[in-house]
Amino acid sequence: MDAISLFGIFFVLLFIGVPIGYAIGIATVITIAVFTPLSPMIIAQNAIAGVDSFPLLAIPFFMLAGNLMRSGGIARRLVDFFQSIIGHVTGGLGMVTIVVCMFFAAISGSAVATVSAVGAFMIPEMVKHGYSKPFAAAITAAAGTIGVIIPPSIPFVIYGVVANASITKMFTAGILPGVLMGVALMIVCYIVSKKNGYVGSDERKSAKEIWTAFKEAFWAILSPVIILGGIYSGIFTPTEAAVVSVVYSLIVGVFIYKELDYKETYAAFRDAIDVNGDTTFMIGLSAAFAVLLTLEKIPLKIAMFITGLSDNGIIILLLINAFLLLVGMFIDNIPATIILSPILLPVAVKLGMDPITFGVMLTMNLAIGFCTPPYGINLFVASAISKVDMGLLSRKILWPIIGLLAVLALVTYVDPVTMMFIK
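This one's a predicted model, so the numbers in the text were calculated from it and none came from an experiment.

S.K.: Describe the overall build of the protein chain, naming the residues involved and giving the relevant values.
M.R.: The helix and strand tally for the protein chain stands at 22 helices and zero strands. The C-alpha atoms of the protein chain give 21 Å as radius of gyration, which agrees with the globular expectation for 423 residues (22 Å, within 12%). For the protein chain, the spread of C-alpha atoms along the three principal axes comes to 70 × 45 × 45 Å. For the protein chain, long-range pairs separated by at least 24 residues make up 79% of all intrachain contacts whose partners lie at least 6 apart in sequence. Of the roughly 17700 Å² that the protein chain leaves accessible, carbon and sulfur atoms contribute 70%. Charged side chains of the protein chain number 22 positive and 21 negative; the gap between the two group centres comes to 7 Å.

Structural data, given as structure tokens:
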């Protein structure tokens, strides 16, 4: 009854429109008060303990860095550089969008920041060159999912804290899957563009023009090199890297590109503060929710139920993926990671999956949820930018999602995809 109460109340509240942070807290309070002898004080205690973590400081700083880079001209220069290289080929502008999303992902660590920063430039550009507006918005929304897979990744930080896994190893494990997601989306983009006659930009750029675009984008391209190079070389931790990225973004935006003024900087800080407030509130109450799960041994019961469905590990992993994809359609990545990691990780480990691989698989499933109806946040952002109806956008996102699911299958069943670069 405690499990039914906890999840039942939670989903009912979500269904009637209660914000997810409040839904988690209310479900936890009612379940503790009615079905357990526990004191409600454990909610406050564990909510505070859940956010009292040094690695979690990376989240607001990566959010802020993404905002500053979007306003400071970094995203636009990345677009100009990659457009000069591949913008002329069939589907080239769509491929530019995907590649720029991959680079911006290596700066911001956020799917939403990636879609909003790149989509604002590329969706109108694609439409101007004959792409259908729904397809332009769909490919941008799908490419934004790479923002939480290619390091640095905010959900990887969350998973590392919850599962007591190395965040640096999580970042390393996300490199190849993120690249494969980009390649899969570019293949989809080429096929759709070939079928519909979506050509590239007007003409192939000369070597001189490419060199000029590279010089303009040099400081933008250098950003992920500094951030990721510093992490992997051991110069600074992922949390310190987030602070470095903020300082770097300010210097480049204010003194080099000179596009970041006081008004833009204030807006970037304010937006990061607002989003971090929402995120911290969810993380705290999700931590209390997860503690209740553990105390009531709900993860153990669910794990036993899942493993009892089949003796075949391939089938069980398939069921876990299907469940996570369903959850990702309705619940945000961060609370879902905190709630589901302690439930599903023991099952995955029992099947022989490394916790690092499971973390990538979990995050990728939930990331695909960013661009699936009914509550895909990337779809909402792309729809707002393009003014495309959500129903039409949801239909156009089908083929990009199939490409992402193919990479998810590789991550799930081919261990080297995530563990190749981990010593």
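S.K.: Can you break down the packing of aromatic side chains residue by residue, with the values?
M.R.: Enumeration over the complete set of coordinates arrives at nine aromatic pairs. On the numbers, 4.9 Å between centres and 50° between planes, the contact of Phe82 with Phe103 is tilted. Of the two residues, Phe82 is situated in helix α5 (residues 74-86) and Phe103 in helix α6 (residues 92-108); the sequence distance between them amounts to 21 residues. Judged by its relative accessible area of 10%, Phe82 is buried. According to the relative accessible area criterion, Phe103 is partly exposed, its value standing at 25%. Lying over the aromatic face of Tyr257, Arg77 brings its terminal NZ or CZ to 3.8 Å of the ring centre.

S.K.: Give a detailed account of a nonpolar patch on the surface, specifying residues and quantitative values.
M.R.: Taken together, the side chains of Ile175, Val179, Val183, Ile187, Tyr190, Ile191, Tyr232, Met420 and Phe421 make up a nonpolar region of the molecular surface, amounting to roughly 790 Å² of accessible area. Sorting elements by how many residues they give to the nonpolar patch places helix α11 (residues 175-196) first, with six residues. One can find Tyr232 in helix α12 (residues 207-232). Overall, the relative accessible area of 34% leaves Tyr232 in the partly exposed class.

S.K.: Run through the packing of helix α2 (residues 20-35) against helix α14 (residues 262-295), naming residues and quoting values.
M.R.: Two elements in contact, α2 and α14, have axes separated by 9 Å at closest approach and are oriented at 30°. Taken together, the axes of α2 and α14 are roughly parallel relative to one another. Note on packing geometry: the crossing formed by α2 with α14 is left-handed. The residues of α14 that touch α2, namely those facing Ile20, Gly21, Tyr22, Ile24, Gly25, Thr28, Thr31 and Ile32, are Phe281, Met282, Leu285, Ser286, Ala288, Phe289 and Leu292. For the contact of α2 with α14, the residue count by class is 10 nonpolar, five polar and no charged.

S.K.: A description of the pattern of salt bridges should follow, citing residues and the corresponding values.
M.R.: For the structure shown, the criterion picks out three salt bridges. A salt bridge links Arg77 to Glu216, with the nearest nitrogen and oxygen atoms 3.3 Å apart. Here Arg77, found in helix α5, pairs with Glu216, found in helix α12; they are 139 residues apart in sequence, far enough to count as distant. The class for Arg77 is buried, based on a relative accessible area of 8%.

S.K.: Residue-level account of the nonpolar core, with values.
M.R.: One finds Ile98 and Phe358 to be the most contacted residues of the largest nonpolar core, which totals 142 residues. Element by element, the count of residues in this core is highest for α6, at 12 residues.

S.K.: Residue-level account of helix α3 (residues 41-51), with values.
M.R.: Of all the positions in α3, only Ile42, Ile43, Ala47 and Gly50 are classed as buried. Along the axis of α3, the buried positions cluster into a sector of 130°, meaning they face one direction only. Turned more than 90 degrees away from the buried face of α3, the exposed residues are Met41 and Ile48. Tucked into the core, α3 has its buried residues touching α2 and α14.

S.K.: Quick rundown of the packing of helix α8 (residues 133-143) against helix α19 (residues 377-386)? Include the residues and the values.
M.R.: At a minimum axis separation of 9 Å, α8 and α19 run at an interaxial angle of 145°. Crossing of α8 against α19: the hand is right-handed. Touching Lys133, Ala137 and Ala141 of α8 are Asn378, Leu379, Ala382 and Ser386, all from α19. Broken down by class, the residue content of the contact of α8 with α19 amounts to four nonpolar, two polar and one charged.

S.K.: For the side chain of Thr145, give the residues involved together with the corresponding values.
M.R.: Take Thr145: it is sitting in the loop between α8 and α9 (154-163). For Thr145, a relative accessible area of 0% corresponds to the buried category. Residue contacts for Thr145: discarding those within four places in its chain leaves Met181, Ala367, Phe370, Cys371, Asn378 and Leu404.

S.K.: Before we move on, can you summarise helix α7 (residues 111-128) with the specific residues and values?
M.R.: Structurally, the α-helix is built with 3.6 residues per turn, so residues lying three or four positions apart point the same way. In a regular helix each residue adds 1.5 Å, so 18 residues correspond to 26 Å; α7 covers 25 Å between its end C-alpha atoms and thus fits that length. A maximum bend of about 50° is found in α7 at Gly119.

S.K.: Describe the environment of Leu93, naming the residues involved and giving the relevant values.
M.R.: Mapped onto the secondary structure, Leu93 falls in helix α6. For Leu93, a relative accessible area of 0% translates into the label buried. Along the sequence, Leu93 and Met126 sit 33 residues apart, while their C-alpha atoms lie 6.1 Å from each other.

S.K.: How would you summarise unusual backbone geometry if you had to cite specific residues and measurements?
M.R.: Residue Pro152 is bonded to the preceding Pro151 through a cis peptide linkage, with omega at -5°. Structurally, Pro152 is set in the loop between α8 and α9. The backbone phi angle of Asn164 is positive, close to 55°, even though this residue is not glycine. Among the secondary structure elements, Asn164 is positioned in the loop between α9 and α10 (167-173). Using a relative accessible area of 71% as the deciding quantity, one classes Asn164 as exposed. At Lys387, a residue that is not glycine, the phi angle is positive and equals roughly 65°. By the element assignment, Lys387 lies in the loop between α19 and α20 (390-396). According to the relative accessible area criterion, Lys387 is exposed, its value standing at 69%.

Reading guide: rules and limits
- Residues numbered from 1 in each chain as written.
- Predicted model: local features only at pLDDT ≥ 70, side-chain atom pairs only at ≥ 80, totals over all residues.
- Heavy atoms only, no water.
- Helix = DSSP H or I, 4+ residues; strand = E, 2+ residues; numbered from the N terminus.
- Rg over C-alpha atoms; globule rule 2.2 N^0.38 Å.
- Contact = heavy atoms within 4.5 Å.
- Areas by Shrake-Rupley, 256 points an atom, 1.4 Å probe, with all protein chains shown as cover.
- Lys, Arg positive; Asp, Glu negative; His and termini not counted.
- Charge placed at Lys NZ, Arg CZ, Asp CG, Glu CD.
- Phe/Tyr/Trp six-rings, centres within 6.5 Å; stacked < 30°, edge-to-face > 60°.
- Buried < 20%, exposed > 50% of the residue type's maximum accessible area, 1.4 Å probe, protein only.
- Lys NZ or Arg CZ within 6 Å of the ring centre and 35° of its normal.
- Patch = residues over 30% accessible without salt bridge, like charges linked within 9 Å, V, L, I, M, F, W, Y side chains within 5 Å.
- Salt bridge = Lys/Arg side-chain N within 4 Å of Asp/Glu carboxyl O.
- Axes fitted to C-alpha atoms, helices over the stretch in contact; angles between N-to-C directions.
- Parallel < 35°, antiparallel > 145°, perpendicular 65-115°, else oblique.
- Left-handed = near helix turned anticlockwise from the far one by under 90°.
- Nonpolar A, V, L, I, M, F, W, Y, C, P; charged D, E, K, R; others polar.
- Core = buried A, V, L, I, M, F, W, Y, C linked by side-chain atoms within 4.5 Å.
- Arc of directions from axis to C-beta.
- Expected span 1.5 Å × (residues − 1).
- Bend = angle between axes of the 7 residues up to and from the residue.

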